Amino acid sequence: MSEELFEQVGFTPDAQFEKIISDLMDRQYSVVPGYLSETLTEALRSLLTARYEQDQFKKAAIGNHLNEQVRSGIRGDFIHWLNRSDLQAPEQAFFTEIDRLSAYLNRTCFMGIAGAEFHYALYPPQTCYKRHLDVFRNDDRRRLSVITYLNPPDWTREDGGQLVIYRQEGQEETAIEIDPLPGQLVLLESHTLEHEVKPSRRPRLSLTGWLKTH
Ligand code: OGA
Ligand code: MN
């Protein structure tokens, strides 16, 4: 929307959110480096680590019909779901930010986002998540996948753990590789884009979730 039009409807545009929206419209995903401040990233990383050490993480599931060996070959991460009624201050700050984004998307794009669910994820070294889509047969309410990386500041490209997004461009498929850099946000259309997580040589940390419709 143009500045002028925004003024007419009494709405303050947010440049970062507008960039996300135009990315989503153009190519169904958006990458925002440094979306979370260093302080918030660091605080969330400490909370992830503390909860992991307190045994609050479980192996992520992908369907109960698969045996353990098959399951961990497809998806190797450990996760902890956040509960909105039991959040530490940095987690509360994170949700406040996510709610602001959801409200903006609803207001400008009528996305109809009615809820959000988030989990911490830890991929031990050499584990991965094979190519997949984030919607399940029994729950198609996931509209946008939201990934924020909580890796330490010295994370390098050689550490691996890239997110690969597969996107159809005409007849061609392109693979977009994204390094899981601390504080970086990735948003993608849950219904449209298949993606995978490559193995890393250090534990790979993130806070990942979904904005959902009713
Ligand atoms: C997922 C996922 C991507 C990432 O949890 O479904 O695809 O980069 N995560 O962690
Ligand atoms: Mn996914």
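Provided above is the structure to which this section pertains.
This write-up is about the structure you can find in this document. (Residues numbered from 1 in each chain as written. Chains lettered and ligands numbered in written order. Predicted model: local features only at pLDDT ≥ 70, side-chain atom pairs only at ≥ 80, totals over all residues. Heavy atoms only, no water.)

**A look at the overall build of the protein chain**
- Within the protein chain one finds five helices and eleven strands.
- Scaling as 2.2 N^0.38, a compact globule of 214 residues should have a C-alpha radius of gyration of about 17 Å, and the protein chain matches this with 17 Å.
- Referenced to the eigenvectors of the C-alpha coordinate spread, the extents of the protein chain come out at roughly 55 × 45 × 35 Å.
- Counting the 214 residues in the protein chain, one finds 47% classified as buried.
- Sequence separation of 24 or more characterises 79% of the internal contacts of the protein chain that already satisfy a separation of 6 or more.
- As presented, the protein chain carries roughly 11,200 Å² of accessible surface, and 50% of it is formed by carbon and sulfur atoms. (Helix = DSSP H or I, 4+ residues; strand = E, 2+ residues; numbered from the N terminus. Rg over C-alpha atoms; globule rule 2.2 N^0.38 Å. Buried < 20%, exposed > 50% of the residue type's maximum accessible area, 1.4 Å probe, protein only. Contact = heavy atoms within 4.5 Å. Areas by Shrake-Rupley, 256 points an atom, 1.4 Å probe, with all protein chains shown as cover.)

**Here we look at the packing of aromatic side chains**
- Applying the stated rule across the entire model yields eight aromatic pairs.
- Plain terms: the ring middles of Tyr52 and Phe57 are 5.1 Å apart, the flat faces sit at 80° to each other, and that makes the pair edge-to-face.
- With relative accessibility at 31%, the residue Tyr52 sits in the partly exposed group.
- If you follow Arg27 out to its NZ or CZ, it ends over the ring of Tyr29, 4.6 Å from the centre.
- Across from the ring centre of Tyr166, 3.9 Å away, lies the NZ or CZ of Arg131, which sits over that ring. (Phe/Tyr/Trp six-rings, centres within 6.5 Å; stacked < 30°, edge-to-face > 60°. Lys NZ or Arg CZ within 6 Å of the ring centre and 35° of its normal.)

**Comments concerning helix α5 (residues 89-109)**
- In this model α5 runs 30 Å from its N-terminal to its C-terminal C-alpha over 21 residues, within 8% of the 30 Å that 1.5 Å per residue would give.
- Those residues of α5 that sit buried are Pro90, Glu91, Phe94, Phe95, Ile98, Leu101, Ser102, Tyr104 and Leu105.
- A positive phi of about 50° marks Phe110, the residue just after α5. (Expected span 1.5 Å × (residues − 1).)

**What about the coordination of the manganese ion (ligand 2)?**
- Bound to the manganese ion (ligand 2) are the protein donor atoms His132 (NE2), Asp134 (OD) and His195 (NE2), situated 2.1 to 2.2 Å from the metal.
- Between consecutive donor residues of the manganese ion (ligand 2), the sequence gaps follow H-x1-D-x60-H.
- Here His132 falls in the buried class, since its relative accessible area comes to 12%.
- Judged by relative accessible area, Asp134 falls into the buried class, the value being 6%. (Donors = N, O, S within 2.8 Å, 3.2 Å for Na, K, Ca; no water.)

**Considerations on unusual backbone geometry**
- Even without being glycine, Gln28 reaches a positive phi, approximately 70°.
- With respect to the secondary-structure elements, Gln28 resides in the loop between α2 (15-27) and β1 (29-32).
- Judged by its relative accessible area of 18%, Gln28 falls in the buried class.
- Unusually for a residue other than glycine, Phe110 sits at a positive phi of about 50°.
- Tracing the sequence through the fold places Phe110 in the loop between α5 and β4 (115-123).

**As for the sheet that holds β4**
- Here seven strands make up an open sheet; going across it, the order is β1-β9-β6-β11-β4-β3-β2 and the pairing antiparallel. Since the sheet does not close on itself, it has two edges, and those belong to β1 and β2 (58-59), each with one partner.
- Of the pairings in the sheet, the one linking β1 to strand β9 (residues 185-189) comprises four bridges and is antiparallel in character. Following the sheet pairing, Ser30 is matched in β9 by Leu187.
- Contacts from α2 reach β1, β6 (142-149) and β9, with the element oriented near 145° to β1.
- Lying on the sheet, helix α3 (residues 38-53) is in contact with β3 (78-81), β4, β6 and β11 (204-212); it crosses β4 at an angle near 70°. (Pairing = 2+ DSSP bridges. Axes fitted to C-alpha atoms, helices over the stretch in contact; angles between N-to-C directions.)

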